[in-house]
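Topology and contacts: notes
Here are the chains, one letter per residue:
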Amino acid sequence: NTATRETDESASQEIKSSGLKMDAAAATTVLTRALESVIAAEPDVTRYDTVVGDGDCGIGLKRGAEGKTTQYTIVKRALVLTASAAILKHIKDKPLTGDAVVDVASIVPVVENTMDGTSGALYAIFLNALVHALRTASAGEASPQVWAAALQQSCDALSRYTPARPGDRTLVDALYPFVEVLGKAGDVREAAAAARKAADETKGMQASLGRTVYVGGSGYEEVPDPGAWGLSCFFQGLAGQ
């Protein structure tokens, strides 16, 4: 649509080298591993989503990751799943440059073109905030501390657009602990472990936001939140676990 096209054109014009560097080959390996970890979790995510929803999350992830075209956009609950599939294809087609700002900014239109509705808008907000935060960081190495600070700013920006907080049984339950521990410890493994623990603890947590609220039932007592679990799988992949 016109809005998306204008966003893409604007993004392409504004992406400039930032001086915030990372090893492109290593970043590609880590990001690919993280995305593939989410894909490997597809059966579990689909099963969880079937219990508490309509079962489209994991299936959508797998189809998207394999490059198959569906006749509808499967973006209902686990935002990170669909985004991961699209990003995986993107980094295969257009290799990372090693500039943190340029590489994250290039992902924004991919997400905007893949995801629609409120979900896509919120992810676009988060990623645009991440680009801005990274842009304001000092030139040099994109260390875990730099990423943590930028991710925290992105969480703060996202919180202004959604009421979701830890305890609401959403992907935020995995996101916030990861960012918090990464900022304190500077260790991706510790942060990923915190996200996995928090995602697991959504089992039995009654949702106050999202589809589970209106689908109803007691499935939430049996399985973790699909979105939080899928995101924790991504973080586990980042950490090489």
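Check the entry above for the structure.
An account of the accompanying structure is given in this report. The model shown is predicted, which means the values in this text are computed figures rather than measured ones.

Definitions and cut-offs
- Residues numbered from 1 in each chain as written.
- Predicted model: local features only at pLDDT ≥ 70, side-chain atom pairs only at ≥ 80, totals over all residues.
- Heavy atoms only, no water.
- Axes fitted to C-alpha atoms, helices over the stretch in contact; angles between N-to-C directions.
- Helix = DSSP H or I, 4+ residues; strand = E, 2+ residues; numbered from the N terminus.
- Left-handed = near helix turned anticlockwise from the far one by under 90°.
- Contact = heavy atoms within 4.5 Å.
- Core = buried A, V, L, I, M, F, W, Y, C linked by side-chain atoms within 4.5 Å.
- Buried < 20%, exposed > 50% of the residue type's maximum accessible area, 1.4 Å probe, protein only.
- Salt bridge = Lys/Arg side-chain N within 4 Å of Asp/Glu carboxyl O.
- Lys, Arg positive; Asp, Glu negative; His and termini not counted.

So, about the packing of helix α8 (residues 144-159) against helix α9 (residues 172-185). In contact at an axis separation of 8 Å, α8 and α9 are set at 145° when each is read in the N-to-C sense. Read as a crossing pair, α8 and α9 show a hand that is left-handed. Touching P144, A148, L151, Q152, C155 and S159 of α8 are L175, Y176, F178, V179, L182 and G183, all from α9.

A few words now on the nonpolar core. Counting residues in each nonpolar core, the largest one holds 49 residues, and the members touching the most others are L134, F178, F234 and F235. Elements represented by at least two residues in this core include exactly α2 (24-40), α5 (79-93), α6 (100-114), α7 (117-136), α8, α9, α10 (188-200) and α12 (226-238). The contact partners of F178, leaving out residues within four places of it in the chain, are L151, V188, A191, A192, A195, F235 and L238.

According to the stated counting rule, one finds 4 salt bridges in the structure shown. Residue E180 pairs with K184 through a salt bridge whose shortest N-O separation is 3.0 Å. With E180 and K184 both in helix α9, this residue pair falls 4 residues apart, about one helical turn. Since its relative accessible area comes to 66%, K184 is described here as exposed. The partner of K197 in a salt bridge is E201, with the nearest N and O atoms 2.6 Å apart.

This part takes up the side chain of D173. With respect to the element layout, D173 can be found in helix α9. For the buried D173, no salt bridge exists, and the shortest N-O distance to an oppositely charged side chain is 7.7 Å, to R169. Excluding residues within four positions of it along the chain, D173 makes contact with P166, G167, D168, A198, T202, M205 and A228.

For the rest of this paragraph, the subject is unusual backbone geometry. Phi is mostly negative for residues that are not glycine, and the peptide bonds are mostly trans. In the Ramachandran plot, R169 falls in the positive-phi region, its phi being about 60° despite a non-glycine side chain. When its relative accessible area of 0% is taken as the criterion, R169 is described as buried.

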